[in-house]
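The residues making up each chain are set out below.
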Amino acid sequence: MERIIIEGGIPLKGTLRVNGAKNSAVALLAAAALTDEEVVLDNLPEIVDVFVMIDILKAIGMKVTRRGKFEWHIAAGDHLNYQTPSDIAVKLRASYYFLGSLLAKKGKVNVALPGGCQIGARPIDQHLKGFTALNATHLLEDDQVKLNTEHLKGGHVFFDMSTVGATINVMLAASMAEGTTIMENAALEPEVIDVANFINAMGGSVRGAGTETIRVTGVKRFGSCVYSCIPDRIEAGTFMFAAAASGGDVTLSNVIPEHLDAVVAKLRESGQEIDVTLDTIRVKANPNPQAVNIKTLPHPGFPTDLQAPAMAFLALAQGESQFHETIYESRFGHAEELNRMGANITVNGQRAVAQGVEGYVGAEVTATNLRAGASLVIAGLAAQGTTYVAGVEHIDRGYDRIVDRLQSLGAKIRRESRPNWPKIV
Ligand code: EPU
């Protein structure tokens, strides 16, 4: 149990390379179980969720070797187990991607019901509906999802809502099913396209990823490939809001700017100066940011994962910023903590209103989930005085060495083990 300590009020300045995307990396790792040969996955971020997925791969019998900071070699072992280790799988939500890949590969799979951030009900009915359409049966038993099929066959799936997880999961299962699967109302997120590209690089046939209709034609075997994970648009967006909130001037490299159109638009609307090149984004803060409204939506709308970081910034903007969280029922846990630092945010169900305040004051706050943690770090960077952020284990799930990287931008930030905590007076 550790905490992050921030001496705030220093504008972030400099250049930072954005790492690989968490939500792609975790799906690519599960997809690697599809092949009998060796695949190389590059640009995977060094985060807890990636290490947990690698632990699951090893536990089911895959050989996984790390070569260099971001590069992993993954090869089939002698025997692939359809039973994933429940004690590891419950640690994160993305373990459910083994449902798709192991169903395809083994015709049978057991995965513990998924964990992950507590931000709403997060059912998996759309995943199960898709597997059923592919001729698999499911059973919920002993807190596990158990899938089975005599023969996986292509099917027709219409998703009731835009869901990243179910789109990727059904795509993974369909990649080895006999015949063609058509998925309609598929999610448009860049991570869906990334997984489709990886499946195709291994010799699969996925067409239409990035549109609402995806066609997957199953193949019998997959081969080897070298594949690089896309940059993390959520990490990039987090640093963009941190730059704006701290009054800084930060250039992010290794970004795909089109993935961040909604974020760039909102920052510009609030008065920030944003320069975009082919693969960099520079944020030059405006000392008098204006309030803007945020409604979270599936891609290409404003991403729910950046609602909390955006709120940390907009709570300091002049005027009233309104937030409408349409993806999750309870993703405003950070508002109360931001209020402890001086924000004036009122939450009402899936809506929140921030009346802009002059500034934050350092306080002791607790991250209750990954993106809430990021928002508290942003507030701490902007605050006068010292901020102590507990719940660092949530932040470590998705941000690669956030403390070191913010230090490289001039922030006075460090992390400390709980036993060494000084008494706060
Ligand atoms: N939904 C259902 N039934 C389903 C699947 C989804 O009702 O079978 C609902 C969800 O409850 C939610 C909405 O559909 O209200 C969208 O869920 P989606 O399936 O898109 O989310 P996810 O795949 O579980 C991923 C990311 C989340 C991110 C969402 C939305 C991973 C591992 N997680 O979750 O990331 O918020 O897509 O973009 O890829 C994060 O990184 O902090 C994070 C929570």
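Values in this document were obtained by computation on a predicted structure and should not be read as measured data. (Residues numbered from 1 in each chain as written. Predicted model: local features only at pLDDT ≥ 70, side-chain atom pairs only at ≥ 80, totals over all residues. Heavy atoms only, no water.)

### Considering the overall build of the protein
Condition: Only DSSP runs of H or I with at least four residues qualify as helices, and only runs of E with at least two residues qualify as strands; both kinds are numbered from the N terminus onward. Note on exposure labels: buried denotes an accessible area under 20% of the residue type's maximum, exposed denotes more than 50%, and partly exposed covers the range between, all computed with a 1.4 Å probe on protein chains only. The contact criterion used throughout is that any non-hydrogen atoms of two residues lie within 4.5 Å. The protein chains shown are the only cover counted for residues, whose accessible areas, like all others here, come from Shrake-Rupley with a 1.4 Å probe. Asp and Glu are treated as the negative residues and Lys and Arg as the positive ones, with His and the ends of the chain left uncounted. One atom stands in for each charge, and that atom is NZ of Lys, CZ of Arg, CG of Asp or CD of Glu.
Looking only at helices and strands, the protein features 14 helices and 23 strands. Projected onto its principal axes, the C-alpha positions of the protein cover 65 × 40 × 40 Å. Relative to its 425 residues, the protein shows a buried fraction of 57%. Within the protein, contacts between residues separated by at least 24 positions form 72% of all contacts whose residues are at least 6 apart in sequence. Surface summary for the protein: the accessible area is close to 16200 Å², and the carbon and sulfur share equals 49%. Distance between charge centres in the protein, computed from 40 positive and 46 negative side chains, equals 2 Å.

### Considerations on the site of the ligand
Threshold: Being near a molecule or strand, for a residue, means having at least one of its heavy atoms within 4 Å of it. We define a polar contact as two N or O atoms separated by no more than 3.5 Å, with the added condition that, inside protein, one atom must be a possible hydrogen donor and the other a possible acceptor, whereas residues neighbouring each other in sequence contribute only through side-chain atom pairs.
If you check the shell around the ligand, you find 23 residues, and the closest are Q126, T163, D305, I327 and R371. A distance of 3.2 Å separates an oxygen atom of the ligand from a polar atom in the side chain of K22. T163 places a side-chain nitrogen or oxygen 2.7 Å from an oxygen atom of the ligand. Surface burial for the ligand is 91%, taken as the share of its 830 Å² of free accessible area covered by protein chains. Secondary structure elements with two or more residues in the shell around the ligand: α1 (22-31), α5 (125-133), α6 (164-174) and α12 (370-382).

### Quick word on the domain arrangement of the protein
How big an interface is tends to be stated in terms of accessible area lost as the parts join. Definition in use: For the domains described, the bounds stem from an automatic or database domain assignment. The quantity reported as buried area is the accessible area (1.4 Å probe) lost by two parts once they are put together, taken as the sum for both. What counts as a salt bridge is simple: a side-chain nitrogen of Lys or Arg found within 4 Å of a carboxyl oxygen of Asp or Glu.
Taken as a whole, the protein is organised into domain 1 (2-19 + 231-420) and domain 2 (22-228). Between the C-alpha centres of domain 1 and domain 2 the distance comes to 30 Å. The interface of domain 1 with domain 2 comprises 24 residues on the first partner and 23 residues on the second. Interface of domain 1 and domain 2: buried area, both sides summed, is about 2000 Å²; carbon and sulfur atoms make up 50% of it. When the buried area of domain 1 at its contact with domain 2 is split by residue, H299, Y328 and R397 rank highest and sum to 32% of it. Viewed at the interface, domain 2 and domain 1 are joined by three salt bridges.

### Notes on the side chain of S95
On the secondary structure map, S95 appears in the loop between α3 (86-89) and α4 (97-106). Separated by 2.9 Å, the side chain of S95 and the backbone oxygen of L92 make a polar contact. Once residues lying within four places of it in the same chain are set aside, the contact partners of S95 are M53, I56, A89 and V111.

### Some remarks on the sheet that holds strand β19 (residues 345-348)
Condition: In this description, strands pair whenever DSSP reports at least two bridges between them. Angles here are taken between N-to-C directions and fall from 0 to 180 degrees, while the axes themselves are lines fitted to C-alpha atoms, restricted in helices to the stretch in contact.
Taken together, four strands build an open sheet; the order of strands is β17-β18-β20-β19 and the sheet is mixed. Whereas interior strands pair on both sides, the edge strands pair on one side only; in this sheet they are β17 (294-295) and β19. Bridge analysis of strand β18 (residues 320-324) against strand β20 (residues 351-355) gives five bridges, and the strand direction is antiparallel. If you follow S321 over to β20, its bridge partner there is A354. Where helix α10 (residues 307-314) meets the sheet, it contacts β17, β18, β19 and β20, and its direction lies at approximately 170 degrees from that of β18.

### Things to note about the pattern of salt bridges
On inspection of all chains with the given rule, the structure shows 24 salt bridges. For K146, the salt bridge is made with E141, and the minimal N-O distance between the two is 2.7 Å. Where E273 meets K284, a salt bridge forms, and the shortest distance between an N and an O atom there is 3.0 Å. Placement of E273 in strand β15 (residues 273-276) and of K284 in strand β16 (residues 280-284) is noted, with a sequence separation of 11 residues between them.

### Quick look at the packing of aromatic side chains
Operational definition: Between the rings of Phe, Tyr and Trp (Trp by its six-membered ring), a pair exists once the centres lie within 6.5 Å; its type follows the angle of the planes, with under 30 degrees stacked, over 60 edge-to-face, and the other angles tilted.
Throughout the structure, instances matching the rule amount to five aromatic pairs. Ring centres 5.4 Å apart and planes at 50 degrees place the aromatic pair F198 and Y227 in the tilted group. With F198 in helix α7 (residues 190-201) and Y227 in strand β13 (residues 225-228), the pair connects residues that are 29 residues apart, well separated along the chain. Classification of Y227 as buried rests on a relative accessible area of 12%. Judged by centre distance (6.3 Å) and plane angle (55 degrees), the rings of F241 and F302 are tilted. Placement of F241 in helix α8 (residues 233-245) and of F302 in the loop between β17 and α10 is noted, with a sequence separation of 61 residues between them.

### What about the environment of L316?
Tracing the chain through its elements places L316 in the loop between α10 and β18. In this structure L316 comes out as buried when scored by relative accessible area, which is 16%. For the pair L316 and P289, spaced 27 residues apart in the sequence, the C-alpha separation amounts to 7.5 Å. Not counting chain neighbours up to four residues away, the residues in contact with L316 comprise A245, P289, V357, G359, Y360 and A382.

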